[in-house]
Amino acid sequence: MSKEKEKKDSAETIENKEAQEEEGASKIKAGKDRIKLYEKVLVEGGYISQEDYQEAIDYAEGDEDKFLDFLYSKQLTNNDLLGQAMAEYYGVQYADLNSHMPSAEQVAKIPEKIAKKHRTVLFSENKDSVTVASDKPIDEEMRQVMEQGFSPMEVKFAYSLTEDIDEVLMEYRKPLNTRFAKIIEEENKIAPEIIEEIIADSLVFRASDIHFEPRKKTVLVRFRVDGVLREAGKIPRKYHDNIVNRVKVQAKLRIDDHFSAQDGSMRFKQEDKETDLRISIVPTLNGEKIVMRVLAEYVKGFDLGALGLSEEHRKIFEKSSKKPFGMILVTGPTGSGKTTTLYALLRKLNKPEVNIMTIEDPVEYQITGINQIQANSKTNLTFSQGLRSIVRQDPDVILVGEIRDKETAEIAVNAALTGHLLFSTFHANDSATAIPRLLDMNVEPFLLSSTLEMVVAQRLVRKICESCKASVSVSKDELEKNYPQASPFFAEEKAALYKGKGCDRCNHSGFKGRSAIFEIIEVTDEMQDLILDNPSTNEIWKLARKQGAKSLYEDGIEKVKSGITTLAELERIAEAPSEEELEVSGPKVNTQKKEKQFSASEKADKEMKELPEKEKETSEKQIKGESFEGEKEKNEEKDKKTEEKTESQNKKKDYLSKLKNMKEEKREEKPGKAKKTANKQIEVKVPKKEDPIATTLKEEWERKESNSEKSNPEKPSKKVQVKNLNKEPDYDKK
């Protein structure tokens, strides 16, 4: 019976694989057909030119996702415009599933098999009619099935984008725990099937990381979605070892090693798409813990506009990226979107006449037209070694995945100095800290000041879900009580804020997707002069504030007011600027303290005018002395440092000049005076003390002679010759 069951299970597995392959092939064919349809809709409709369409075709190589990605990145069209154009072509209305997400009850009214076969979603309904959305609204078979199913109600049809339909169809997926129970009950290939279900779910929820955490009785599975970990399911503990071994085999790791950390990578294939996964396994007290980093194969829709840049920041980005050479740094912690920002810049510069080369660890996104190198310490292909090789490859633009050490920093600065535009990431808390850290790596201040163009610090904040967004009116008192740091940025008595109520689409979290907040320091002439003086973080930030730089918190406040994120989310990520920073520059804030200080200063000026001239002069001197006392101390410290530096440089110059004079004296010696020179050299070089080498030779010869005298007494002694070794040679006698 068990053999028959195994045969049956294997037959079912083969059938499922064949069905999946057929479904994948049909999706690829449907995608190619839609690309041809886009020519009629977009080109003939006047939305894009024939040249743009052909360029997108060449870039996509038959892949619909890449085709649309190209159009979006070049800002030739967008989701809404494409949806409206397609609906107009089919002669139906456009159903925007992004803005009007149907509820789970609505989705369930169409059976799963029918919905997936005909790609249909119940968009809206009333007493007399229903509206069904599909990405093929003129399909006759689909229309007949829908009209029969909803009879006697009137059925209206609408067009919706393919990607939106796919997202809604995911509502039919059952929870992971339910699927785990079914897999275990069938007793087929438990570990492989569980792993496939988990990875497939992570792609549905757009997770960046998958965690397998062993506990005493279960294995907890968690996804990191939009920067926050959340529980996805639980697996019985007895299957943990099989899952770990399965992952190790696929990642090409040692299955017999359970007590050391291991790193690897694997590829997950689902239908017509492939996803790369970076694997990390470490031993814990309860067993081996697995973390998978999910890496998308291609960047989708990443342009400067989609990152969350304000108009002011976007102009600074474009200005810096258009320069022929220089260095642009993006700082932030792990997972803050640094690589995404740099890839958005690379995509903007990616042209046939530009040679772009990167060295990364790992290569997270593959982009057509860019030469990407994977760093590998086992083959000695480190960032520094790879960067040396890249410079010899005649590049125009270089991307270094990360500046980690002194050697990489020096090569990067020199590459930027020799006519290359260089992008890189750097671990620092904020943009101002990056410059002192590079100087601590012994990068020369004059090199850094002449190459650095822009330093960007960034963080990611969760966006409010568009499907359940609601406005909330908050009074000034409530703001001061709950968010005292944010209160000065809202002058109104009642502030209009937004929040997500929670729905099926955002998994009842109120957030869906992420946006970046930025802090940018543009290296101006004044900043270059400051870098030459080896400044502190505070000095750099003060100058940047005077020149109009905004902190991460201030950029986030603008996104809060725009309804992109919430105050609670912003304060989870960024720290509010101090009152001193706000006084230097920044947005207009409502602070009563400032008004009091200003009125007091006006009063002091009035009193000064009433004083006699002599008393006035005395008080002015006192005020100046008090206000500049701190600056005097700073200047004295700087003067001391300058004197020490000058003294060391003078010593170095004296030493070099002495060496130079000695070399010149040697060159001026004539061959006729060789004897005198020799005597002089001997007089200088021969020490007054006994030469240790000669003494050693003397003792050795004496020992040998004593032995030889015993054996052959008639042989003359050589002691006299040895004694003469310590004497000064007499050239005159010769």
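Residues numbered from 1 in each chain as written. Predicted model: local features only at pLDDT ≥ 70, side-chain atom pairs only at ≥ 80, totals over all residues. Heavy atoms only, no water.

Enquirer: Hey, could you run me through the overall build of the protein in this one?
Expert: If you tally the helices and strands in the protein, you get 29 helices and 19 strands. Classification of the 734 residues of the protein by burial places 40% in the buried group. The long-range fraction of contacts in the protein, counting pairs at least 24 apart against all pairs at least 6 apart in sequence, stands at 63%. A total of about 44,200 Å² of accessible surface is found on the protein, and carbon and sulfur atoms cover 48% of it. (Helix = DSSP H or I, 4+ residues; strand = E, 2+ residues; numbered from the N terminus. Buried < 20%, exposed > 50% of the residue type's maximum accessible area, 1.4 Å probe, protein only. Contact = heavy atoms within 4.5 Å. Areas by Shrake-Rupley, 256 points an atom, 1.4 Å probe, with all protein chains shown as cover.)

Enquirer: Just checking my understanding: could you explain the packing of aromatic side chains for this structure?
Expert: The geometry of two aromatic rings is summed up by the distance between their centres and the angle between their planes. Applying the stated rule across the entire model yields six aromatic pairs. Centroid distance Tyr90 to Tyr159: 5.7 Å. Interplanar angle 35 degrees. Geometry classified as tilted. Highlighted residues: Tyr90 in helix H4 (residues 79-90) and Tyr159 in strand E4 (residues 154-159), separated in sequence by 69 residues. Arranged with centres 6.0 Å apart and planes meeting at 75 degrees, the rings of Phe317 and Phe518 form a pair that is edge-to-face. Placement of the pair is Phe317 in helix H12 (residues 311-321) and Phe518 in strand E19 (residues 511-522), with a sequence separation of 201 residues. Neither residue differs from the other here; Phe317 and Phe518 are each classed as buried. Ring-pair connections join several aromatic residues into one group, and the members of that group are Tyr38, Tyr53 and Phe67. (Phe/Tyr/Trp six-rings, centres within 6.5 Å; stacked < 30°, edge-to-face > 60°.)

Enquirer: Explanation requested: a negative patch on the surface in the structure shown.
Expert: A cluster of like negative charges, contributed by Asp525, Glu526, Asp529, Asp533 and Glu539, occupies part of the molecular surface. Here the negative patch gets three residues from one element, more than from any other, and that element is helix H19 (residues 525-532). For Asp529, the position within the fold is in helix H19. (Patch = residues over 30% accessible without salt bridge, like charges linked within 9 Å, V, L, I, M, F, W, Y side chains within 5 Å. Salt bridge = Lys/Arg side-chain N within 4 Å of Asp/Glu carboxyl O. Lys, Arg positive; Asp, Glu negative; His and termini not counted. Charge placed at Lys NZ, Arg CZ, Asp CG, Glu CD.)

Enquirer: Would you mind going over the sheet that holds strand E6 (residues 218-225) with me for this structure?
Expert: Within a sheet, neighbouring strands are paired by backbone hydrogen bonds and run either parallel or antiparallel to one another. Taken in spatial order, the six strands make up an open sheet running E7-E6-E5-E10-E9-E8, and their pairing is antiparallel. Two strands lie at the open edges of the sheet, namely strand E7 (228-236) and strand E8 (262-270), each paired on one side alone. Strand-to-strand, the axes of this sheet are offset by a mean angle of 25 degrees, without reference to chain direction. Two strands pair when backbone bridges link them, and E6 and E7 are joined in this way by eight bridges, in the antiparallel orientation. Residue pairing across strands places Val221 opposite Gly233, the latter belonging to E7. Lying over the sheet, helix H9 (residues 176-186) contacts E6 and E7, oriented at roughly 20 degrees with respect to E7. Packed onto the sheet, helix H11 (residues 240-250) meets strand E5 (209-214), E6, E7, E8, strand E9 (273-284) and strand E10 (287-295) and runs at close to 45 degrees relative to E10. (Pairing = 2+ DSSP bridges. Axes fitted to C-alpha atoms, helices over the stretch in contact; angles between N-to-C directions.)

Enquirer: So what exactly am I meant to see when it comes to the packing of H12 against helix H13 (residues 338-349) here?
Expert: Helix-helix packing: each pair is described by the crossing angle between the helix axes and the interaxial distance. At their nearest, the axes of H12 and H13 sit 11 Å apart, and the two run at 60 degrees to each other. Classed by the angle they form, the pair H12 and H13 counts as oblique. When the axes of H12 and H13 are compared, the crossing they make is right-handed. Of the residues in H13, those in contact with Phe317, Glu318 and Ser321 of H12 are Thr341, Leu345, Lys348 and Leu349. (Parallel < 35°, antiparallel > 145°, perpendicular 65-115°, else oblique. Left-handed = near helix turned anticlockwise from the far one by under 90°.)

Enquirer: Sorry, what's going on with the side chain of His420 here?
Expert: Assignment of secondary structure puts His420 in the loop between helix H15 (406-417) and strand E15 (421-426). On the accessibility criterion, His420 (9% relative accessible area) is buried. There is a polar contact of 2.9 Å between the side chain of His420 and the backbone oxygen of Ala415. The contact partners of His420, leaving out residues within four places of it in the chain, are Pro324, Phe325, Gly326, Val391, Pro395, Asp396, Ile398 and Ala415. (Polar contact = N/O pair within 3.5 Å; in protein donor to acceptor, adjacent residues only side chain to side chain.)

Enquirer: So what exactly am I meant to see when it comes to the nonpolar core here?
Expert: A general feature of soluble globular proteins is that nonpolar side chains tend to end up buried together. Ranked by internal contacts, the top residues of the largest apolar core, which has 41 residues, are Met327, Leu422, Ile435, Leu448, Leu452 and Met527. Per-element accounting of this core gives the leading share, six residues, to H15. Dropping the residues within four chain positions of it, Met527 is found in contact with Ile521, Glu522, Ile540, Leu543, Ala544 and Gln547. Counting residues in each nonpolar core, the second largest holds 32 residues, with Ile190, Ile198, Val244 and Val247 among its members. (Core = buried A, V, L, I, M, F, W, Y, C linked by side-chain atoms within 4.5 Å.)

Enquirer: What am I meant to see in the pairing of strand E16 (residues 452-464) here?
Expert: Side chains on a regular strand alternate between the two faces of the sheet. Across the 13 residues of E16, twelve count as buried, placing the element largely inside the fold. Where strand E11 (residues 326-331) and E16 come together, five bridges link them in parallel fashion. Looking across to E16, one finds that Leu329 is bridged to Val455. Sheet topology note: the E16/E19 ladder contains ten bridges and is antiparallel. In the sheet register, Gln458 faces E19, and the bridge partner there is Phe518.

Enquirer: Which parts of the structure should I look at to understand the environment of Lys406?
Expert: Assignment of secondary structure puts Lys406 in helix H15. Residues contacting Lys406, with those up to four places away along its chain left out, are Met441 and Asn442.

Enquirer: What should I look at first to understand the side chain of Ser336 in this one?
Expert: Inspection of the secondary structure assignment puts Ser336 in the loop between E11 and H13. Ser336 gets classed as buried once you look at its relative accessible area, which sits at 4%. Filtering out sequence-adjacent residues up to four positions away, Ser336 remains in contact with Gln458, Arg459 and Leu460.

Enquirer: What is the right way to look at the sheet that holds strand E12 (residues 356-360) in this model?
Expert: If you trace the seven strands from one edge of the open sheet to the other, you get E13-E12-E14-E15-E11-E16-E19, paired in mixed fashion. At either end of the open sheet lies a strand with only one pairing partner, and these are strand E13 (371-374) and E19. Each adjacent strand pair in this sheet contributes to an overall mean axis angle of 20 degrees, direction not counted. With four bridges joining them, strand E14 (residues 397-400) and E15 adopt parallel strand pairing. Across the sheet, Leu399 pairs through a bridge with Phe423, a residue of E15.

Enquirer: For this particular structure, what's the right way to read the packing of H19 against helix H20 (residues 537-546)?
Expert: Here H19 crosses H20 at 170 degrees, and the two axes come no closer than 11 Å. Relative to H20, the element H19 lies roughly antiparallel. From H19, Glu526, Met527 and Leu530 reach across to H20, where they touch Glu539, Ile540, Leu543 and Ala544. Among the residues forming the contact of H19 with H20, the class breakdown is five nonpolar, no polar and two charged. (Nonpolar A, V, L, I, M, F, W, Y, C, P; charged D, E, K, R; others polar.)

Enquirer: Explain helix H10 (residues 190-204) to me, please; I cannot follow it from the model alone.
Expert: Since one α-helical turn is 3.6 residues long, residues separated by three or four positions face the same way. A rise of 1.5 Å per residue sets the reference length of H10, with its 15 residues, at 21 Å; its end C-alpha atoms lie 21 Å apart and thus fit the reference within 8%. Every buried residue belonging to H10 is among Ile190, Ala191, Ile194, Ile195, Ile198, Ile199, Ala200, Asp201 and Ser202, and all of these are buried. Directly after H10, the chain includes Arg206, whose backbone phi takes a positive value near 55 degrees. (Expected span 1.5 Å × (residues − 1).)

Enquirer: So what exactly am I meant to see when it comes to unusual backbone geometry here?
Expert: That bond from Ser151 to Pro152 is cis: its omega, 10 degrees, falls within 30 degrees of zero. Its place among the elements puts Pro152 in the loop between helix H7 (140-149) and E4. Within the chain, Asp394 stands out as a residue other than glycine whose phi angle is a positive 55 degrees. Considering the arrangement of structural elements, one finds Asp394 in the loop between helix H14 (383-391) and E14. One non-glycine residue with positive phi stands out, namely Asn442, at about 70 degrees. One can find Asn442 in the loop between helix H16 (431-440) and helix H17 (445-451).

Enquirer: Please explain the pattern of salt bridges as it appears in this structure.
Expert: Side-chain pairs of opposite charge can arise whenever the charged atoms involved come near each other. Enumeration according to the criterion identifies 31 salt bridges in this entry. When the shortest N-O distance is used, the salt bridge between Glu125 and Lys109 registers 2.8 Å. Of this pair, Glu125 sits in strand E2 (residues 120-125) while Lys109 sits in the loop between helix H5 (104-108) and helix H6 (112-118), and the two are 16 residues apart along the sequence. Accessibility expressed as a relative area gives 36% for Glu125, which makes it partly exposed. By relative accessible area, which is 45% here, Lys109 ends up partly exposed. Here Glu554 ties to Arg545 by a salt bridge, and the two come within 2.6 Å at their closest N and O atoms. For Arg545, a relative accessible area of 1% puts it in the buried group.

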